[in-house]
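Residue-level listing of the chains:
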Amino acid sequence: MSSIKTIKSALISVYYKDNLEPIVKKLHSLNVTLYSTGGTLSFIEKLGIPVLAVDSLTKYPEIFGGRVKTLHPAIFGGILNRRDNPSDVQEKTTHAIPDIDLVIVDLYPFEETVAAGGKEQEIIEKIDIGGISLIRAAAKNFNDVVIVSSRKDYSALQNLLDTKNGQSDLADRKLFAAKAFATSSHYDTAIFNYFNQTENIPQFKQSIEQAQVLRYGENPHQNGIFYGDLDTMFTKLNGKELSYNNLLDVDAAVNLIADFTEPTFAILKHNNACGVASRSTILQAYNDALAGDPVSAFGGILIANRAIDLATASEVNKLFCEVIIAPAYDNDALELLKSKANRILLVQNKVTLRNKSFRTLLNGVIEQDKDLKTETAADLKPATTKQPKASEVEDLLFANKLVKHTKSNTIVFAKNGQLLASGTGQTSRVDALKQAIVKAQSFGFDLKGAVMASDAFFPFPDCVEIAHKAGIAAVIQPGGSIKDKESIDYCNANGLAMVFTGVRHFKH
């Protein structure tokens, strides 16, 4: 039997009527018999196009406030019967069930209602039953039926009707079916995740409809796709498309800057901060962030939590960087920064981000709560006889924010609201410390009076000893080692102040 099928009848029942009119008119011009329900029926009637109410087939009215409309053998039989199956053909004839060759249906706006803060009963009423059943039935019988499950596919259907005069081949129908199952699975995932906010059933279900194919993945030989809505997150003002590696750095930058309220500029490379400073002006913050490591800043990601003015843009423009992110740009600053055609300029919009993170691991996925803990002065527990001065407390909290966002093992040095150096991603905490010392010295920083932060406890006193000899005056760390006393004793004997937070900030 030929895979070419001609659409002779269609069931149309949609929540959104946008761009439906030309499709209805085209179907009418092709002499397609139309069936419909409720508001869609009224919509088609107002166009002056003949349409039959579904209850003319079911001989049963809509009941329970519209909860039951299409759930009837006359409808599902018309969709699910196999046109090339003699038994199905016989039963169809016996029960006077007409074929339905095209189903156009969308789903109640469940996600939109949840996002709008709807009350529970309102949300529950937006769980579609008839629509989802029609979608699955028509998609299952793609050998004979065309299913359009979203207004996003109206243009594809319109093109099919215009170019093939109401005919479709198996490839056409199978593609529409695949899209339909994507629609239904996404919808069910959204419903499950709504209920699971309180029920906490340990199942991993995520579905993101938006997708952007990237130039490549982490390396040119790897394919890459971003799933998500970047246009909601950012307004792009200039530059090429974000790459896979850009996105990793942008994510790290956004998470880091969220911990700062005072004017702050950060420069990141390979997901780690190489320069950060908090100052009274964003210009000074940028200059001091850059001073932290002007070498690594080349080709980095820049982020600010204040609008970028012309003075700041003039300094930034001297540096080659991939991406700049800010809440706003002054007009003259924007024009200057746009002088580099490939430089990506993003305005960060106010978006609520997920409070969980996940990644693929072995043959599964691992999920956790995001590390949203940001310590304050009230969280600090003095561990030594000498206590840090007020200015040192500010620097300790500043440095502790940075270790939270730096690859473990890490040590961070800070002074006067500026990142002086960090040791990142080392297998030994001592190595991270030594790396930070060498880096600070290479850029001419005097560590005398600076503070040190560690993402995890010190298992031995060697770190505080090395730090003290380098000039460090105060230390912040989680504490919790069975040998904490050895580090405390060294600090007490040598006049260092050390505080514990009780919170580890590993980042792998």
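Provided above is the structure to which this section pertains.
The sections below set out a description of the structure shown in this document. Here the structure is a predicted model, which is why all the values come from computation and not from measurement.

Put simply, helix α8 (residues 130–140) and helix α10 (residues 170–199) touch, their axes get as near as 9 Å, and they point 150° apart. Comparing the axis directions of α8 and α10 gives the class roughly antiparallel. For α8 against α10, the interelement crossing comes out left-handed. Where α8 abuts α10, its residues Ile132, Ile135, Arg136, Ala139 and Lys140 lie against Ala177, Ala180, Phe181, Thr183, Ser184 and Tyr187. Among the residues forming the contact of α8 with α10, the class breakdown is seven nonpolar, two polar and two charged.

This part is about the side chain of Asn400. Structurally, Asn400 can be placed in helix α16 (residues 390–404). On the accessibility criterion, Asn400 (4% relative accessible area) is buried. In this structure, Asn400 is in contact with Glu375, Ala453, Ile476, Thr501 and His505, ignoring residues within four places of it in sequence.

Let us now look at the environment of Val68. Note that Val68 resides in the loop between α3 (55–58) and α4 (73–80). Between the C-alpha atoms of Val68 and Ile129, which are 61 residues apart in sequence, the distance is 8.4 Å. For Val68, the contacting residues outside a window of four places in its chain are Pro61, Glu62 and Ile63.

Working definition: an aromatic ring pair is given by the centre-to-centre distance plus the angle between the planes. As enumerated under the stated definition, the model contains nine aromatic pairs in all. Centre to centre, the rings of Tyr15 and Tyr108 are 6.1 Å apart; their planes meet at 70°, and the pair counts as edge-to-face. Of the two residues, Tyr15 sits in the loop between β2 (9–13) and α1 (21–29) while Tyr108 sits in the loop between β5 (102–105) and α6 (110–115), which places them 93 residues apart along the sequence. Each ring, one from Phe265 and one from Tyr286, has its centre 5.0 Å from the other, and the planes form 65°; the classification is edge-to-face.

Looking at the element boundaries, Arg173 is found in helix α10. The charged side chain of Arg173 is buried without a salt bridge, its nearest counter-charge being Asp169 at 6.0 Å. If we ignore the near neighbours within four places in the chain, the residues touching Arg173 are Ser3, Ile4, Lys5, Phe142, Asn143, Asp144, Val145, Val146 and Ser168.

Buried within helix α18 (residues 462–470) we find Cys463, Val464 and Ala467. The buried residues of α18 occupy one face: seen down the axis, they fall within an arc of 90°. For α18, the secondary structure elements touched by its buried residues are α17 (429–442), β21 (451–454), α19 (484–494) and β23 (497–500). Phi for Gly471, located one or two positions after α18, is positive at around 115°.

How each quantity is defined
Residues numbered from 1 in each chain as written. Predicted model: local features only at pLDDT ≥ 70, side-chain atom pairs only at ≥ 80, totals over all residues. Heavy atoms only, no water. Axes fitted to C-alpha atoms, helices over the stretch in contact; angles between N-to-C directions. Helix = DSSP H or I, 4+ residues; strand = E, 2+ residues; numbered from the N terminus. Parallel < 35°, antiparallel > 145°, perpendicular 65-115°, else oblique. Left-handed = near helix turned anticlockwise from the far one by under 90°. Contact = heavy atoms within 4.5 Å. Nonpolar A, V, L, I, M, F, W, Y, C, P; charged D, E, K, R; others polar. Buried < 20%, exposed > 50% of the residue type's maximum accessible area, 1.4 Å probe, protein only. Phe/Tyr/Trp six-rings, centres within 6.5 Å; stacked < 30°, edge-to-face > 60°. Lys, Arg positive; Asp, Glu negative; His and termini not counted. Salt bridge = Lys/Arg side-chain N within 4 Å of Asp/Glu carboxyl O. Arc of directions from axis to C-beta.

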